[in-house]
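Per-entry structural report
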Amino acid sequence: MKPTADMTRVSFYILKSTQFEKRQAFACRLAEKAYHQGHQVYIHTDNAEQSAALDEALWAIRPESFVPHEVINTDADNQSPVLIGHKDSTPPRLMDVLINLTEQQPLFFSQFDRVAEVIDDNDDVKQAGRQRFQFYKQRGYELDTFHV
């Protein structure tokens, strides 16, 4: 299958660290960059604790930076340009960029223009990343890999 112009583009960012905090910090920098480029960003985590930690990390990213964001809440309108959700939540609206911090590709990934898969040197994370890479490749998605 050949990629089409409207097909989701998937980028894998491979980090040398094994610490989740480093993946989280990298995801914050990606979200900041995408936000400043005018994109709507959805960050997908494994659970509520990771979502809360990412929320805190985005507040502390850099003193001179501000990234308007919120954790998805069913009682709120969730209109921030950067939203954070986890396992059972889905983006409440169409957004441009998905940053995936889970070990599976979310079922809704193809509604995004771009997907950023953040992988570190942890064996479980790498193995799950390889499986996602094969999943995307077999379906004809355009893939990029960056070692950071």
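Throughout what follows, the structure given in this document is the object of discussion. (Residues numbered from 1 in each chain as written. Predicted model: local features only at pLDDT ≥ 70, side-chain atom pairs only at ≥ 80, totals over all residues. Heavy atoms only, no water.)

1. A few points about the overall build of the protein
Note the threshold: Each helix is a run of DSSP H or I of at least 4 residues and each strand a run of E of at least 2, with the numbering of both proceeding from the N terminus. The atom set for the radius of gyration is the C-alpha atoms, and the globule formula is 2.2 Å times the number of residues raised to the power 0.38. Contact definition: two residues touch when any of their heavy atoms are within 4.5 Å. Note on areas: Shrake-Rupley, 1.4 Å probe, and residue coverage restricted to the protein chains presented here. Neither His nor the chain ends is counted toward charge; the positive residues are Lys and Arg and the negative residues Asp and Glu. Charged side chains are reduced to one point each, which is NZ for Lys, CZ for Arg, CG for Asp and CD for Glu.
A tally of helices and strands in the protein yields three helices and seven strands. Moving toward the C terminus, one meets the helices and strands of the protein in the order β-α-β-α-β-β-β-β-α-β. Taking 2.2 N^0.38 as the reference for a compact globule, 148 residues should give roughly 15 Å; the C-alpha atoms of the protein span a radius of gyration of 14 Å, in line with that estimate. Projected onto its principal axes, the C-alpha positions of the protein cover 40 × 30 × 30 Å. Residue pairs at least 24 apart in sequence account for 66% of intrachain contacts in the protein once pairs closer than 6 positions are excluded. Per element, the accessible surface of the protein, about 8100 Å² overall, is 49% carbon and sulfur. Separation of charge centres in the protein, based on 16 positive and 22 negative side chains, amounts to 10 Å.

2. As for the packing of helix α1 (residues 20–36) against helix α2 (residues 48–59)
What counts, and what does not: Helix axes are fitted to C-alpha atoms over the stretch in contact, other axes to C-alpha atoms as well, and angles between N-to-C directions run from 0 to 180 degrees. For classification purposes, an angle smaller than 35 degrees is called roughly parallel, one larger than 145 roughly antiparallel, one from 65 to 115 roughly perpendicular, and anything else oblique. The sense of a crossing depends on the near helix, which, turned anticlockwise from the far helix by less than a right angle, makes the crossing left-handed and, turned clockwise, makes it right-handed.
Where α1 contacts α2, the two axes come as close as 10 Å, and the packing angle between them is 55 degrees. With respect to α2, the element α1 is oriented oblique. The handedness of the crossing between α1 and α2 comes out as right-handed. Listed contacts from α2 to F20, Q24, C28 and A31 of α1 are Q50, A53, L54, A57 and L58.

3. Here's the deal with the packing of aromatic side chains
Basically, it comes down to this: Stacked, edge-to-face and tilted labels apply to pairs of Phe, Tyr and Trp rings (six-membered ring for Trp) whose centres lie within 6.5 Å, assigned for plane angles under 30 degrees, over 60, and everything in between, in that order.
Counted according to the given criterion, the structure contains 13 aromatic pairs. Ring centres of Y13 and F26 lie 5.2 Å apart, and the angle between their planes is 50 degrees; this geometry places the pair in the tilted category. Here F26 lies in helix α1 and Y13 lies in strand β1 (residues 9–14), a separation of 13 residues in the sequence. Seen in terms of ring centroids, Y42 and F108 are 5.7 Å apart; in terms of plane orientation they differ by 80 degrees. Their pairing is edge-to-face. Pair noted here: Y42 is in strand β2 (residues 41–45) and F108 is in the loop between β5 (97–100) and β6 (114–119), with a separation of 66 residues, a long-range link.

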